[in-house]
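As a plain string of letters, each chain reads:
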Amino acid sequence: MRQTRHGQSWRAGLARPAYYKVQREAGASSASFTVSPYARAGQTLYNAPPNSANSERPTLSQTAPSAASAAAPISAEVVVIGAGPCGLFQVFELGLLGISAHVVDSLKHPGGQCAELYPDKPIYDIPAIPVCGAQELVDRLLQQIKPFKAELHLGHEVTEFARRDDGRFHLATAGGLIFDAGAVVIAAGLGSFQPRRIGVEGAEVFEGGPIQYRVKSAAELAGKRLVIFGGGDSALDWTLELLPRAASLDLVHRRKEFRAAPASVSRMREQVAAGRMRLFEGVPQSLIVNDGTVRGVNVKSPDGALHALDAEQLLVFFGLHPKLGPIADWGLALEKRALRVDTEKFQTSLPGVFAVGDINTYPGKKKLILSGFHEAALAAFGIQHHLYPQKKQFLQYTTTSPVMHQRLGVPD
Ligand SMILES: Cc1cc2nc3c(=O)[nH]c(=O)nc-3n(C[C@H](O)[C@H](O)[C@H](O)COP(=O)(O)OP(=O)(O)OC[C@H]3O[C@@H](n4cnc5c(N)ncnc54)[C@H](O)[C@@H]3O)c2cc1C
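Only a predicted model underlies this, so the values are computations on that prediction, with no experimental measurement involved.

Here we look at the state of the cysteines
Between two cysteines, a covalent bond joining their sulfur atoms is known as a disulfide.
Part 1 of the reasoning: Tallied over the full model, the rule gives zero disulfides.
Part 2 of the reasoning: Free cysteine Cys86: the closest other cysteine sulfur is in Cys114, separated by 8.3 Å.
Part 3 of the reasoning: Exposure remark for Cys86: the relative accessible area of 10% places this residue in the buried category.
Part 4 of the reasoning: Here Cys132 is not disulfide-linked; the sulfur of Cys114 is the nearest cysteine sulfur, at 8.6 Å.

Observations regarding the site of the ligand
Part 1 of the reasoning: Close to the ligand lie 32 residues, the nearest being Asp105, Gln113, Tyr118, Val158 and Asp358.
Part 2 of the reasoning: The contact in question runs from an oxygen atom of the ligand to an N or O atom on the side chain of Asp105, over 2.7 Å.
Part 3 of the reasoning: Protein burial of the ligand: of its 1000 Å² of free accessible surface, 86% is covered by the chains.
Part 4 of the reasoning: Put simply, the parts of the chain that give the shell around the ligand at least two residues each are helix H2 (85-96), strand E4 (101-105), helix H3 (112-117) and strand E11 (192-195).
Part 5 of the reasoning: When grouped by side-chain class, the residues that make up the shell around the ligand number 16 nonpolar, 11 polar and five charged.

Looking at the environment of Phe354
Part 1 of the reasoning: By secondary structure assignment, the location of Phe354 is in strand E23 (residues 353-355).
Part 2 of the reasoning: Judged by its relative accessible area of 0%, Phe354 is buried.
Part 3 of the reasoning: Here the alpha-carbon distance between Phe354 and Ile186, two residues 168 residues apart in the chain, equals 6.1 Å.
Part 4 of the reasoning: Not counting residues within four places of it along the chain, the set of residues in contact with Phe354 comprises Val184, Val185, Ile186, Lys345, Phe346, Gln347, Thr348, Ala379, Gly382, Ile383 and His386.

Let's talk about the nonpolar core
Part 1 of the reasoning: Counting 68 residues, the largest nonpolar core has Val78, Val184 and Ile186 as the members making the most contacts within it.
Part 2 of the reasoning: If we skip the residues at most four places from it in the chain, Ile186 touches Ile81, Ile327, Trp330, Leu332, Leu339, Val353, Phe354, Ala355, Val356 and Ile359.

Points about the sheet that holds strand E16 (residues 283-290)
Part 1 of the reasoning: Sheet architecture is open: three strands sit in the order E16-E17-E18, paired in antiparallel fashion. Looking at strand neighbours, the two that pair on one side only are E16 and strand E18 (306-310), the edges of this open sheet. For this sheet the average axis-to-axis angle between neighbouring strands, irrespective of direction, equals 30°.

Comments concerning the sheet that holds strand E24 (residues 360-361)
The strands making up a sheet associate through backbone hydrogen bonding, with each pair oriented either parallel or antiparallel.
Part 1 of the reasoning: The three strands lie next to each other as E21-E22-E24, forming an open sheet whose pairing is mixed. Sheet topology places strand E21 (334-335) and E24 at the edges, where each strand pairs with a single neighbour.
Part 2 of the reasoning: One ladder, built from two bridges, connects strand E22 (residues 338-340) with E24; its direction is parallel. Paired with Arg340 across the bridge in E24 is Thr361.

Regarding the packing of H2 against helix H7 (residues 369-387)
Part 1 of the reasoning: Where H2 contacts H7, the axes come no closer than 8 Å and their chain directions differ by 35°. Crossing handedness for the pair H2 and H7: right-handed. Taking contact as the criterion, the partners of Pro85, Cys86, Phe89, Gln90, Glu93 and Leu94 in H2 are, on H7, Ile369, Gly372, Phe373, Ala376, Ala377, Ala379, Ala380 and Ile383.

Describing the packing of aromatic side chains
Part 1 of the reasoning: Taken as a whole, this structure holds seven aromatic pairs when the rule is applied.
Part 2 of the reasoning: Each ring, one from Phe89 and one from Phe92, has its centre 5.5 Å from the other, and the planes form 25°; the classification is stacked. With Phe89 and Phe92 both in helix H2 and three residues apart, this pair spans about one turn of that helix.
Part 3 of the reasoning: With a relative accessible area of 13%, Phe89 lands in the buried category.
Part 4 of the reasoning: Assessed through its relative accessible area of 9%, Phe92 is described here as buried.
Part 5 of the reasoning: Aromatic side chains Phe92 and Phe148 sit 5.7 Å apart centroid to centroid with 65° between the ring planes, which places their arrangement in the edge-to-face category. One end of the pair, Phe92, is in helix H2; the other, Phe148, is in the loop between helix H4 (134-145) and strand E7 (151-154), with 56 residues separating them in the sequence. There is no split in this pair, since Phe92 and Phe148 are both buried.
Part 6 of the reasoning: Put simply, the rings of Phe89, Phe92, Phe148 and Phe373 pair up and form one aromatic cluster.

The rules behind the values
Residues numbered from 1 in each chain as written. Predicted model: local features only at pLDDT ≥ 70, side-chain atom pairs only at ≥ 80, totals over all residues. Heavy atoms only, no water. Disulfide = S-S within 2.5 Å. Buried < 20%, exposed > 50% of the residue type's maximum accessible area, 1.4 Å probe, protein only. Near = heavy atom within 4 Å. Polar contact = N/O pair within 3.5 Å; in protein donor to acceptor, adjacent residues only side chain to side chain. Areas by Shrake-Rupley, 256 points an atom, 1.4 Å probe, with all protein chains shown as cover. Helix = DSSP H or I, 4+ residues; strand = E, 2+ residues; numbered from the N terminus. Nonpolar A, V, L, I, M, F, W, Y, C, P; charged D, E, K, R; others polar. Contact = heavy atoms within 4.5 Å. Core = buried A, V, L, I, M, F, W, Y, C linked by side-chain atoms within 4.5 Å. Pairing = 2+ DSSP bridges. Axes fitted to C-alpha atoms, helices over the stretch in contact; angles between N-to-C directions. Left-handed = near helix turned anticlockwise from the far one by under 90°. Phe/Tyr/Trp six-rings, centres within 6.5 Å; stacked < 30°, edge-to-face > 60°.

Rendered as structure tokens:
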């Protein structure tokens, strides 16, 4: 039986976590707002249209970050790159030691692979939890780190990294956020998630223009002839959202079955039956370009037939895949495209820069969530020593330590 994220027995007893503070990608440089970790249903929060079927989804702004955000560096004890399970647990382990963290992730929701690649699947090897949904794990981690009030900067890819002369670290995101950090934890997993491209010859020239992998502005698409590719929630949600205002809309999916929410699929089929849009089974074959302008796309159906679809704008929702990206160029020692670390502190080749989870490698490394959790615990002590070398380190039990209780906000 396929397990769905909502209403499963493994959720029983888990209190709905309170809302978490995240920094908005765009427009509001200093504004923060709350977003429910439950808001994300399935795999489509990434650029989900406003007012789409799932009313719990937050509407994250899609506009460019303001200049103001670029101007003011955020001073941080620690910056954690990656809000996957290991990055989130790193916040917890740092918090227990009284160290605060900012977390940055290129995705617009926390949870890394768990949330992006297999949110509905059950995980069976998290210690003491016989079965745990992948998204449930993320929700539980968010709940667990709540006392430490980490700020999550979502929708920001860290692209720049440098060690400053004073030993602190400069980090910058593609969206213009700048951090001044005492230490850095790279918990970047398999890399930052990038959209799967359309994969037809000559497409690069038009990407960001007539070929888009996300909707930057729904208003700009009004009155246009659209072709949407994909069979998941993003493709279906945007189809239903844009249809009333598009001049024409064709949806193309490589097979008959859709991965999107059944209700959205039914609504889309009703629109097709009513003649308001067309549905094609097939894959993009080539662009139709005239005088340097995209005029449409040829779609090849499973029987080999070609359909020339008239379009000004192609919207491609083939999902996301992780790419190591800029981290490979930061001068840190790499081995098989992973960051080499020691097994005492999980520090990289650069003191003050630590790496936990799938991104690191060492003899015997296993890319498992529980390995990353262990690494985060030891890295936290390494980070504490890096930041405060004079400080004596104590191992304190959360069960009995009044200091831990105070940090966790629980009674003695
Ligand atoms: C289908 C599937 C099933 C699995 N099942 C299990 C299982 O049963 N048990 C188990 O232990 N493991 C399982 N795994 C593996 C597990 O998901 C990974 O080990 C785990 O997600 C690693 O966590 P992480 O925090 O290190 O990285 P990730 O989960 O990959 O998260 C890394 C985050 O870093 C972000 N990032 C990367 N680069 C940047 C950048 N430059 N700027 C900003 N953000 C960046 C990414 O967007 C991502 O959100 C499974 C994996 C898959 C794909």
